[in-house]
Amino acid sequence: MTILPPPEPDPTALRLSLSHLRARHGWSYDELATRSGLSRRTLIEIEQGRTIGTLATWHALAHAFSLPLGELLGPLCHGHEPPRSDP
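Residues numbered from 1 in each chain as written. Predicted model: local features only at pLDDT ≥ 70, side-chain atom pairs only at ≥ 80, totals over all residues. Heavy atoms only, no water.

A. Broad picture of the nonpolar core. In terms of nonpolar packing, the biggest core is built from 18 residues, with L18, L32, L43, W58, L61, F65 and L72 touching the most fellow members. Secondary-structure elements contributing two or more residues to this core are α1 (11–25), α2 (29–36), α3 (40–47) and α4 (55–65). Not counting residues within four places of it along the chain, the set of residues in contact with L61 comprises L18, L32, S36, L38, L43 and L72. (Core = buried A, V, L, I, M, F, W, Y, C linked by side-chain atoms within 4.5 Å. Buried < 20%, exposed > 50% of the residue type's maximum accessible area, 1.4 Å probe, protein only. Helix = DSSP H or I, 4+ residues; strand = E, 2+ residues; numbered from the N terminus. Contact = heavy atoms within 4.5 Å.)

B. Up close: α2. Those residues of α2 that fall on the buried side of the exposure criterion are Y29, L32, A33 and S36. Each buried residue of α2 lies within a common arc of 105° when the element is viewed along its axis, so the set occupies one face. Buried residues in α2 make contact with α1, α3 and α4. Positioned one or two residues after α2, G37 has a phi angle of 80°, which is positive. (Arc of directions from axis to C-beta.)

C. Region of interest: the packing of α2 against α3. Put simply, α2 and α3 touch, their axes get as near as 8 Å, and they point 115° apart. Taken as axis vectors, α2 and α3 run roughly perpendicular relative to one another. Seen from above, α2 lies across α3 with right-handed handedness. Contacts between α2 and α3 involve Y29, D30, L32 and A33 from the first element and R40, L43, I44 and E47 from the second. Its residues placed into classes, the contact of α2 with α3 shows 5 nonpolar, no polar and 3 charged. (Axes fitted to C-alpha atoms, helices over the stretch in contact; angles between N-to-C directions. Parallel < 35°, antiparallel > 145°, perpendicular 65-115°, else oblique. Left-handed = near helix turned anticlockwise from the far one by under 90°. Nonpolar A, V, L, I, M, F, W, Y, C, P; charged D, E, K, R; others polar.)

So, to be careful, I would describe these as geometric facts and stop short of saying anything about function.
Structure representation (structure tokens):
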């Protein structure tokens, strides 16, 4: 049996998704910062690719957008199939 390494996550797709979500809601960085409890600087650094953020950061963003965390993080699997749970 050959064990293949897991596919690489795509942080670029994740940050672009965040940018599109923010734009679709019509929110400035300040508005999203207020809704998420995160700093404006953190949001800018994530969208510009200087940091990926922590799980707590993405959890706060999921709540701000009223999205399940898995849906918000879905773009990490851009270019490959996400893992599936077996029944």
